[in-house]
Amino acid sequence: MSDVNGERLLADLQALSAIGGLADGGVDRLAWSDADLAGRRWFAKRMQEAGLEARLDAALNVFGHVPGTTGPYLLTGSHLDSVPNGGRLDGAYGAVAALEVLRTLVESKNPIAPLVEVVGFSDEEGVRFASGLIGSLALTGELDTAKLGEAHDWRGVPIDQVLAAAGREVDRLVDAHQHLASIAGFLELHIEQGPRMEAAGIDLALVTGIVGVHRQRIQLIGEQNHAGTTPFRLRHDAGRAAARATAGLYELVQSIDGDAVANVGFMQLEPGGVNVIPGRATFTLEVRHLDEATVRRIVAAFAERLQEICAEEGCRIESELLSWVPPAPMDPTQVEILQQACRQLDREPARLWSGAGHDAAVLSRHVPTGMLFVPSLGGVSHSPREATSDAHLVLGARALLRAVERSAARIK
Ligand code: HGY
Ligand code: MN
Ligand code: MN
């Protein structure tokens, strides 16, 4: 059986990481940005150069398949957008490896090729509109365009302006859903983005499930005042209340479940003057765990603690749910197929749950879905230091090729 072309895979990754590439080796292909669009156009062009039919759908997802085919397809790929100043592999690796797999199947005239489709999803990261996975939610028909239509991005730009600049419209995002009927299953190859595989010397890992991800925006409203003349006892300092609440977050989460994690990735104090007691503090809270009830318990416990602190500081709380992506177990048959593919390469894969969210979590609610991980050097991700050895990048693609062949062969 012909195998993937490792050099070509690595060269494609190099070429894609130059789009939105940063001097420090990171990439910045923020969803819907010019760099993100350029990355999509590059991906579509590489598909065409491989003799595939390529198209960008209403949600900017990029699909490629053998010309003249209409499905059903085994879909494989990942997302093409990145976090700001992010890594060159998160998402991009799975998309480029999927293209290399289909290109290999086409070149070797493998009868499976017409049953395979490649995808580069859009806006998986959710940095811009706080609720990510927009491309896969649009494909699966789960996207709440009414709510999204009122959104402003992280810099306050209205979503219809952002999408118009990318040549898309919020109301048309739902058109992406028509294609779901052509998808029979989904496989996603991804870097682990954590330290477990490297620490255990594991080359390949089957993902058993993906954590649930709760995202919330919290505003604390106190009293803006003079920082020099207002005695502490008279202050209603929103910044102090926010700092007290977030400083105790790790301990609160760990007291409920040692595997749970949470993050405050954004905080803003207003008006932001060096000599002004902040009257308003805005921050985001993210909580993750494989078990929905555990996430709920943590969110409730944090809310209770926040109430206590704000009662002491004399602040008011306004809270908005940004998104909730439920935990996603992977399909046992797809997991088994990925395991057999790894064994074909004389690797016994480990089984891990994913602490990162993925498009596979969304697809898993609609079609049999599986995920495969390769190790991250130093466990680093969402950073220019994100890296994986070339050997592991190629090994993951070789395993994906074998899994795609097995999984696509099951399509009736
Ligand atoms: O946030 C995540 O877990 C994913 O990298 N988007
Ligand atoms: Mn990712
Ligand atoms: Mn990511």
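If you're wondering where the values come from, they're calculated on a predicted model, not measured in any experiment. (Residues numbered from 1 in each chain as written. Chains lettered and ligands numbered in written order. Predicted model: local features only at pLDDT ≥ 70, side-chain atom pairs only at ≥ 80, totals over all residues. Heavy atoms only, no water.)

**Student:** Looking at this model, I keep getting lost on the overall build of the protein chain. Mind explaining?
**Tutor:** Looking only at helices and strands, the protein chain features 13 helices and 16 strands. Since a compact globule built from 412 residues should have a radius of gyration of about 22 Å, the 22 Å found for the protein chain is in line with a globular shape. Across its three principal axes, the protein chain shows a C-alpha extent of roughly 80 × 45 × 40 Å. Of all 412 residues assigned to the protein chain, the portion counted as buried reaches 56%. In the protein chain, 38 positive and 53 negative side-chain charges are present, and the distance between their average locations comes to 1 Å. (Helix = DSSP H or I, 4+ residues; strand = E, 2+ residues; numbered from the N terminus. Rg over C-alpha atoms; globule rule 2.2 N^0.38 Å. Buried < 20%, exposed > 50% of the residue type's maximum accessible area, 1.4 Å probe, protein only. Lys, Arg positive; Asp, Glu negative; His and termini not counted. Charge placed at Lys NZ, Arg CZ, Asp CG, Glu CD.)

**Student:** Before we go on, may I ask you to explain the domain arrangement of the protein chain in this structure?
**Tutor:** Accessible area lost on assembly of the parts is the figure often given for the size of an interface. Domain annotation for the protein chain reports domain 1 (6-211 + 327-409) and domain 2 (212-325). Of the residues lining the interface, 17 residues belong to domain 1; the matching set on domain 2 comes to 14 residues. In total, about 1,100 Å² of surface goes out of reach between domain 1 and domain 2, with carbon and sulfur atoms giving 60% of it. Looking only at domain 1, the three residues that lose the most surface to domain 2 are Ala130, Val211 and Pro327, adding up to 46% of its buried area. Across the domain 1-domain 2 interface, the total number found is 0 salt bridges. For the pair domain 1 and domain 2, the interface holds 4 residue pairs in polar contact (both at pLDDT 80 or more). Across the side of domain 1 that touches domain 2, the residue classes tally to 8 nonpolar, 6 polar and 3 charged. (Domains from an automatic or database assignment. Contact = heavy atoms within 4.5 Å. Buried area = accessible area lost by both parts, 1.4 Å probe. Salt bridge = Lys/Arg side-chain N within 4 Å of Asp/Glu carboxyl O. Polar contact = N/O pair within 3.5 Å; in protein donor to acceptor, adjacent residues only side chain to side chain. Nonpolar A, V, L, I, M, F, W, Y, C, P; charged D, E, K, R; others polar.)

**Student:** Where do I start with unusual backbone geometry in this structure?
**Tutor:** Backbone geometry follows two general trends: most residues other than glycine have a negative phi, and most peptide bonds adopt the trans configuration. Cis geometry marks the peptide bond from glycine 71 to proline 72, where omega comes out at 0 degrees. Here proline 72 shows up in the loop between β2 (62-65) and β3 (73-79). Here glutamate 270 and proline 271 are connected by a cis peptide whose omega angle stands at 10 degrees. In this structure, proline 271 sits in the loop between β10 (267-270) and β11 (276-277). Although it is not a glycine, tryptophan 32 adopts a positive phi angle of roughly 75 degrees. Mapping tryptophan 32 onto the fold places it in the loop between α1 (6-17) and α2 (34-49). Judged by its relative accessible area of 4%, tryptophan 32 is buried. Positive phi is not limited to glycine here, since aspartate 346 has a value of about 60 degrees. Mapped onto the secondary structure, aspartate 346 falls in the loop between α11 (332-344) and β15 (350-354).

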